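# Structural overview for review
Given next are the chains, with one letter for each unit.
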Amino acid sequence: LLARLVDPSAPEDSSLRAAFFNLSIKARPADIVRAVFEGVAYNTRWLLGAVERFTGVRLDPITLVGGGGRSAVWAQIFADVLDRTIVRTADPVAVNLRGAALLGALALGIIDEDGIGAAVPIVETHRPDRSTRRVHDAHFAEFVSFHKSNRQSYRRLRAVERRS
């Protein structure tokens, strides 16, 4: 569904795979890890645009949860790539447990909707670094272009894999 919101002419495509593009022989392991972080953030930016068009709401701030919510570096990458404020909560891995407990407390009348925010402590706020905007905008444009121009190659490769 989100793939169609991003590009209505594109069918859902299970043949797409990750790729390292423009990788230099000088790349260090840390550069490759950062490329993975940025790749996830660029994909999130692509989908975020579709979600915001669908809902008619700009999502800002965004709370980073799960294992990635432990990383200040990844939170800053998301802030820079998405051009949104990113907040990290205490115990981001426990988000499902905390959410279930808060919904239960809300249903039982123990807290009201205003109390939910106070029950989720924010440990750090990451704001976009405007000095990175031009680079991330250019990289995002190439990310989308790379996807579109390689779509058929991924499909051909998957077809060969399925026959093997």
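First, a word on scope: everything that follows refers to the structure included in this document. Residue numbers run consecutively from 1 along every chain, following the written order of its sequence. Restriction of local features to residues with pLDDT of at least 70 applies here, the model being predicted, together with a cutoff of 80 or more for giving and counting side-chain atom pairs; totals for whole chains, interfaces and linings are based on all residues. Each side-chain value is worked out from all heavy atoms of the structure, with water and hydrogens disregarded.

The secondary structure listing takes helices from DSSP runs of H or I that are at least 4 residues long and strands from runs of E that are at least 2 residues long, numbered from the N terminus. Here Leu-82 lies in helix H3 (residues 72-82). When its relative accessible area of 6% is taken as the criterion, Leu-82 is described as buried. Between the C-alpha atom of Leu-82 and that of Val-51, which follows or precedes it by 31 residues, the distance is 13 Å. What Leu-82 contacts, discounting residues up to four positions off in sequence, is Ala-41, Thr-44, Arg-45, Leu-48 and Ile-62. Per-residue accessibility, obtained with a 1.4 Å probe over protein chains only, is compared with the maximum for each type, and a residue is labelled buried under 20%, exposed over 50%, and partly exposed between these values. Contact between two residues is taken to exist if any of their heavy atoms lie within 4.5 Å; hydrogens are not considered.

Joining through side-chain atoms within 4.5 Å is the link that ties buried Ala, Val, Leu, Ile, Met, Phe, Trp, Tyr and Cys residues into a set, and such a set is a nonpolar core. Counting residues in each nonpolar core, the largest one holds 15 residues, and the members touching the most others are Phe-78 and Ile-86. Breaking this core down by element, the ones donating at least two residues are helix H2 (29-55), H3 and helix H6 (133-163). Looking at which element gives the most residues to this core, the answer is H3, with 7 residues.

Note the cis peptide between Asp-60 and Pro-61, where omega equals 5°. You can see Pro-61 is positioned in the loop between H2 and strand E1 (62-64). Residues other than glycine seldom take positive phi values, yet Asp-83 does so here, at roughly 55°. Phi angles above zero are rare outside glycine, and Asp-91 is one such case at about 50°.

With that out of the way, let us pick up the packing of H2 against H6. Helix-helix packing: each pair is described by the crossing angle between the helix axes and the interaxial distance. Only the contacting stretch of a helix is used when fitting its axis, a line to C-alpha atoms as for every element, and angles between N-to-C directions run 0 to 180 degrees. For the pair H2 and H6, interaxial distance at closest approach is 10 Å and the crossing angle is 80°. The pairing of H2 with H6 is recorded here as roughly perpendicular in orientation. Judged by residue contacts, Glu-38, Gly-39, Tyr-42, Asn-43, Arg-45 and Trp-46 of H2 engage Arg-133, His-136, Asp-137, His-139, Phe-140, Phe-143, Val-144, His-147 and Lys-148 from H6. Only Asp, Glu, Lys and Arg are considered charged in this grouping, and only Ala, Val, Leu, Ile, Met, Phe, Trp, Tyr, Cys and Pro are considered nonpolar; every other residue, Gly among them, is considered polar. For the contact of H2 with H6, a count of residues per class yields 5 nonpolar, 5 polar and 5 charged. Angles below 35 degrees are treated as roughly parallel, those above 145 as roughly antiparallel, those between 65 and 115 as roughly perpendicular, and all remaining angles as oblique.

Before going further, it helps to spend a moment on H2. The end-to-end C-alpha separation of H2 is 39 Å, in line with the 39 Å expected for 27 residues at 1.5 Å each. Taken residue by residue, H2 has Glu-38, Ala-41, Tyr-42, Arg-45, Trp-46, Leu-48, Ala-50 and Glu-52 as its buried positions. How far a helix is expected to stretch is found by multiplying one less than its residue total by 1.5 Å.

Right, let's get into the pattern of salt bridges. Any carboxyl oxygen of Asp or Glu that lies within 4 Å of a side-chain nitrogen of Lys or Arg is treated as forming a salt bridge with it. According to the stated counting rule, one finds 10 salt bridges in the structure shown. As a salt-bridge pair, Arg-58 and Asp-60 come within 3.5 Å of each other at their nearest N and O atoms. Taking the relative accessible area as the measure of exposure, Arg-58 reaches 48% and is therefore partly exposed. Classification of Asp-60 by relative accessible area gives partly exposed; the value is 35%. Taking the shortest distance from any N to any O, the salt bridge between Arg-133 and Asp-83 comes out at 3.6 Å.

So, on to the sheet that holds E1. Two strands make a pair as long as DSSP finds a minimum of two bridges between them. With mixed pairing, the 3 strands of this open sheet are ordered in space as E1-E2-E3. At either end of the open sheet lies a strand with only one pairing partner, and these are E1 and strand E3 (122-126). Averaged over all adjacent pairs, the angle separating strand axes in this sheet is 30°, with direction ignored. Relative to E3, strand E2 (residues 86-89) is paired through 4 bridges, and the arrangement is antiparallel. Paired with Val-87 across the two strands is Thr-125, which belongs to E3. Where H3 meets the sheet, its contacts fall on E1, E2 and E3, and the angle it forms with E2 comes to roughly 155°.

The subject of this paragraph is the environment of Glu-142. With respect to the helices and strands, Glu-142 occurs in helix H6. Given a relative accessible area of 48%, Glu-142 falls into the partly exposed group. It is 21 Å that separates the C-alpha atoms of Glu-142 and Glu-52, two residues lying 90 residues apart in sequence.

Function-wise, these values are silent; they only describe arrangement.
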